[in-house]
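Residue strings, one per chain:
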Amino acid sequence: MKRLSHRLGLYAALAAMGFVVLVPIVWVVTAGFRTQISLLTGELLFTPVLANFTEVLFSKTSDFLVNYRNSLIVGLASTLLCLTAATLAAWSLHRLRWPGWVLHVFLGWALVFHMMPPVALASAWYVMAREVGLDNSFAGLILAHAVLNLPMALWLMGVFVREVPIELEEAARIDGASTLVLLRRIILPMIAPGLAATAILTFVFSWNEFAVALTLTMKQTATVPVAIAKFAQDYEIRYTQMAAAAALSILPALVLLLIGQRFIVRGLTQGAIK
Amino acid sequence: MKAAPVAEGSLVAAGVSATPRRRAPRLDELLPRWATFAPALLLMLGLGVLPLVNLLYTSFHTVSWSGGHATFTPVGFAHYASLPFDTLLRAGLGNTVIFAVFAVAGQMVLGFALALMCSRVTRGRMFYRALFILPILVPGIVIGAIWKLMLNFDFGLINQLVELLGFEGRNWLGDKETALASVIVVDIWHWTPFCFLLLLAGLESLPQDPYEAAKIDGASWWQELRYITLPLMAPAILVTFAFRLVIAFKVFDEVYLLTAGGPGTATEVVSFTLYQRFFTEDRAGYGAAMAITIMFICALLLVMALSVRRRSEPA
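Residues numbered from 1 in each chain as written. Chains lettered and ligands numbered in written order. Predicted model: local features only at pLDDT ≥ 70, side-chain atom pairs only at ≥ 80, totals over all residues.

Novice: What's the story with the overall build of chain A in this structure? I'm lost.
Specialist: Helix and strand counts for chain A come out as 12 helices and zero strands. Taken from N to C terminus, the helices and strands of chain A fall in the order α-α-α-α-α-α-α-α-α-α-α-α. Counting the 274 residues in chain A, one finds 45% classified as buried. Partitioning the intrachain contacts of chain A with sequence separation of at least 6 by distance along the chain shows that 79% fall at a separation of at least 24. (Helix = DSSP H or I, 4+ residues; strand = E, 2+ residues; numbered from the N terminus. Buried ≥ 20, exposed ≤ 12 C-beta atoms within 10 Å, placed from the backbone. Contact = placed C-beta atoms within 7 Å.)

Novice: Before we go on, may I ask you to explain the overall build of chain B in this structure?
Specialist: Counting its regular elements, chain B contains 13 helices and two strands. Residues classed as buried in chain B amount to 39% of the 315 residues present. The contacts in chain B between residues at least 6 apart in sequence include a share of 72% that link residues at least 24 apart.

Novice: How should I be thinking about the interface of chain A and chain B in this particular structure?
Specialist: Accessible area lost on assembly of the parts is the figure often given for the size of an interface. Counting residues at the interface gives 71 residues for chain A, matched by 75 residues for chain B. Here the element with the most residues in the side of chain A that touches chain B is helix 12 (residues 239–273) of chain A; it accounts for 15 residues. Per-class residue counts for the side of chain A that touches chain B are 58 nonpolar, 12 polar and one charged. (Nonpolar A, V, L, I, M, F, W, Y, C, P; charged D, E, K, R; others polar.)

Novice: Just to check I follow, could you spell out the nonpolar core for this structure?
Specialist: What tends to happen in soluble globular proteins is that the nonpolar side chains get buried as a cluster. Counting 164 residues, the largest nonpolar core has Ala-86, Leu-150, Ile-228 and Ala-246 of chain A together with Ala-291 of chain B as the members making the most contacts within it. Those residues within four positions of Ala-86 of chain A in sequence are excluded, and the remaining contacts are Leu-150, Ala-153, Leu-154 and Met-157 of chain A together with Ala-40 of chain B. (Core = buried A, V, L, I, M, F, W, Y, C linked by C-beta atoms within 7 Å.)

Novice: Help me out: how do you make sense of helix 12 (residues 270–280) of chain B in this one?
Specialist: Note that an α-helix has 3.6 residues per turn; residues three or four places apart therefore point the same way. The element helix 12 of chain B is largely enclosed, with a buried count of eight among its 11 residues. Listed in full, the buried residues belonging to helix 12 of chain B are Val-270, Ser-271, Phe-272, Thr-273, Leu-274, Tyr-275, Arg-277 and Phe-278 of chain B. Buried residues in helix 12 of chain B make contact with helix 6 (118–132) of chain A together with helix 4 (87–118), helix 11 (253–258) and helix 13 (284–312) of chain B. Two residues or fewer past helix 12 of chain B, Asp-282 of chain B is found with a positive phi of approximately 55 degrees.

Novice: Would you explain the packing of helix 6 of chain A against helix 2 (residues 27–58) of chain B in this entry?
Specialist: Packed helix pairs are characterised by how far apart their axes lie and by the angle those axes make with each other. Between helix 6 of chain A and helix 2 of chain B, whose axes approach to 9 Å, the crossing angle comes to 85 degrees. Taken together, the axes of helix 6 of chain A and helix 2 of chain B are roughly perpendicular relative to one another. For the pair helix 6 of chain A and helix 2 of chain B, contact is made by Ser-123, Ala-124, Trp-125, Val-127 and Met-128 of chain A and by Pro-51, Leu-52, Asn-54, Leu-55 and Thr-58 of chain B, respectively. (Axes fitted to C-alpha atoms, helices over the stretch in contact; angles between N-to-C directions. Parallel < 35°, antiparallel > 145°, perpendicular 65-115°, else oblique.)

Novice: Before we go on, may I ask you to explain the confidence of the model for chain B in this structure?
Specialist: When pLDDT is low, close inspection of the predicted coordinates is not appropriate. This prediction gives chain B a mean pLDDT of 82; 89% of its residues lie at or above 70. Interface scoring of the predicted complex returns ipTM 0.84; its pTM is 0.86. (pLDDT = per-residue confidence, 0-100.)

Novice: Got a minute to help me understand the pairing of strand 2 (residues 69–74) of chain B in this structure?
Specialist: Look at any regular strand and the pattern is simple: side chains alternate between the two faces of the sheet. Residues and elements named next belong to chain B. Summarising burial for strand 2: zero of the six residues are buried, a small minority. Pairing geometry for strand 1 (residues 61–66) and strand 2, over six bridges, is antiparallel. Note on strand 2: the bridge partner recorded for Thr-62 is Thr-73. (Pairing = 2+ DSSP bridges.)

Novice: Before we go on, may I ask you to explain helix 7 (residues 138–162) of chain A in this structure?
Specialist: All names here are of chain A. Compared with an ideal rise of 1.5 Å per residue, which puts 25 residues at 36 Å, helix 7 spans 34 Å between its outermost C-alpha atoms and is within 8% of the ideal. The sharpest bend along helix 7 reaches about 45 degrees and sits at Leu-150, with the proline Pro-151 one to four residues further on. Among the 25 residues in helix 7, 21 count as buried, and that is most of the element. (Expected span 1.5 Å × (residues − 1). Bend = angle between axes of the 7 residues up to and from the residue.)

Novice: I tried to follow the environment of Ile-158 of chain B on my own but got confused; where do I start?
Specialist: All names here are of chain B. Relative to the assigned elements, Ile-158 resides in helix 7 (residues 157–164). With 12 residues separating them in the primary sequence, Ile-158 and Arg-170 have C-alpha atoms 9.2 Å apart. Here Ile-158 is in contact with Met-150, Leu-151 and Trp-172, once residues within four sequence places are set aside.

Novice: Can you walk me through unusual backbone geometry in this structure?
Specialist: For Arg-97 of chain A, which is not a glycine, the phi torsion comes out positive at approximately 55 degrees. Residue position: Arg-97 of chain A is located in the loop between helix 4 (64–95) and helix 5 (100–114). Here Asp-282 of chain B, not a glycine, exhibits a phi torsion of approximately 55 degrees, which is positive. As for its position among the elements, Asp-282 of chain B is in the loop between helix 12 and helix 13. The class of Asp-282 of chain B is exposed, set by 11 C-beta atoms lying within 10 Å.

Novice: What is the right way to read the confidence of the model for chain A from this model?
Specialist: Within chain A, residue pLDDT values average 85, and 95% of them lie at 70 or more. Mean pLDDT values for the elements of chain A range from 77 in helix 12 of chain A up to 93 in helix 4 of chain A.

Novice: I keep staring at the packing of helix 4 of chain A against helix 9 (residues 179–208) of chain A and nothing clicks. Help me out?
Specialist: All names here are of chain A. It is at 9 Å that the axes of helix 4 and helix 9 come closest, and there the two elements cross at 140 degrees. Viewed along their axes, helix 4 and helix 9 adopt a mutual orientation that is oblique. For the pair helix 4 and helix 9, the sense of crossing is right-handed. Contacts between helix 4 and helix 9 involve Ser-71, Val-74, Gly-75, Ser-78, Thr-79, Cys-82, Leu-83, Thr-87 and Trp-91 from the first element and Ile-187, Leu-195, Thr-198, Ala-199, Thr-202, Phe-203, Ser-206 and Trp-207 from the second. (Left-handed = near helix turned anticlockwise from the far one by under 90°.)

Novice: What exactly am I supposed to notice about the environment of Leu-121 of chain A here?
Specialist: All names here are of chain A. Mapping Leu-121 onto the fold places it in helix 6. The exposure class of Leu-121 is buried, given the 25 C-beta atoms found within 10 Å. A sequence separation of 90 residues divides Leu-121 from Ala-211, and the C-alpha atoms of the two residues are 9.3 Å apart. Here Leu-121 is in contact with Met-116 and Val-212, once residues within four sequence places are set aside.

Right, here's the structure in full:
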């Protein structure tokens, strides 16, 4: 009997927490389907309308679709760049007998870099980008996001690379496999799940990144977070459209969460303290 | 960490097959080594180190732009010298410290309490994990937008709830007294689930024997917590706390939308101060000095966090 009540208490606590987490998100998504009047009067039951979404997506004054495309381009390109560099480097550093200090200096610097406020880094990149004419281009932002996520990708891929049994690599070497063949035939298949986890996280963090995107983009290259911030400031009173835009911006993360939940948990908890 | 291949202590291994540690690497070894390391190294040098060197250089100059060309006028340490007298920066530093300490403390306490409760829940694990990860994956700026609406004076859900309970609604973000607290609460909402997941992972990896022994000895729930769980978890808690603190120091996105540092300087945080000085006022030289200083503070915090980790994990 005591066990049962204990257990019920646990589930109640979990449910309460889940409720607190979920309510703001659900509330905003529903606010996207309301009319302004319905939101202001705070009625509980309302007839959902799609006007806010069509307005945000297809109105002539809205660039949201362009922003969406920009975010996709930057997210995909920077993820590809970041993952390629990080995976190769992680394997290299952990498995190719580098002197110890190289490993420590590089990973140590990556940690320091990771802890820097993005705005401070943004200011550094802004000066450089403006000097070489890369401000307001995708290239600048893609490179910035790639290096911003590099430390996390390095640690995560380091963990996954070290899980590959070294005997396997040695066996392949003895059989005469070149480095390229070894990477493609042995390492890559073994680390594929880890690679997926890291890719999802890198993409989502690039998609969410605001400070650097704000300073390195202009109207044509603005990403989704930048657009939302601008929208919230320019049309302070268009609440329902702001809610619709917010709902649309969570969509990719939501889809990725549904597909790769298992990977994400692993990646987040492993990357957090390392 | 990694056991040395000859750790078994076998003389045969040491004498015959082990590769000598210090031998000049051959070219066919060096090439793949550098080829695989180079992309990351170049990326980090070109975009992680070079811009910082450039920023350091900028911080000793006053920059004026004309037609895409920058003119650097050297000013020595003048920018750094005027930093201590920047009232906005002072307010920003003070608020950031308050924000970081209270937000992280709140997340850790709530996260740990929930992790304790849930460490024995076995069913529905996938579901609640997915649920709790959701806030981490939502863009910070969208968190700001969501809570700006939630905390709206006229129709926000918070005021509706407050009025339902019979209190008077407040202008949470527009009031000097509640603005910073509101931002802290939003951050707690944002990151508690994450702390929960980390601490839960820590709890689940604890050895089970002490608990079984305690059960045999008839220890109470409180004694179990006080004498087994807390001492065993202390390193994980401390390390998580220290690192979350450094990360909380970076806060920018939420503040940008929720309050933009206002009302007055009630929610001014260092990242926002830097943004205003560097970008809004377009003072690249002075802003660079501020950025370097903030980075230096972060590096100091990081060193402290690392020493916490080192002390809590005796080899």
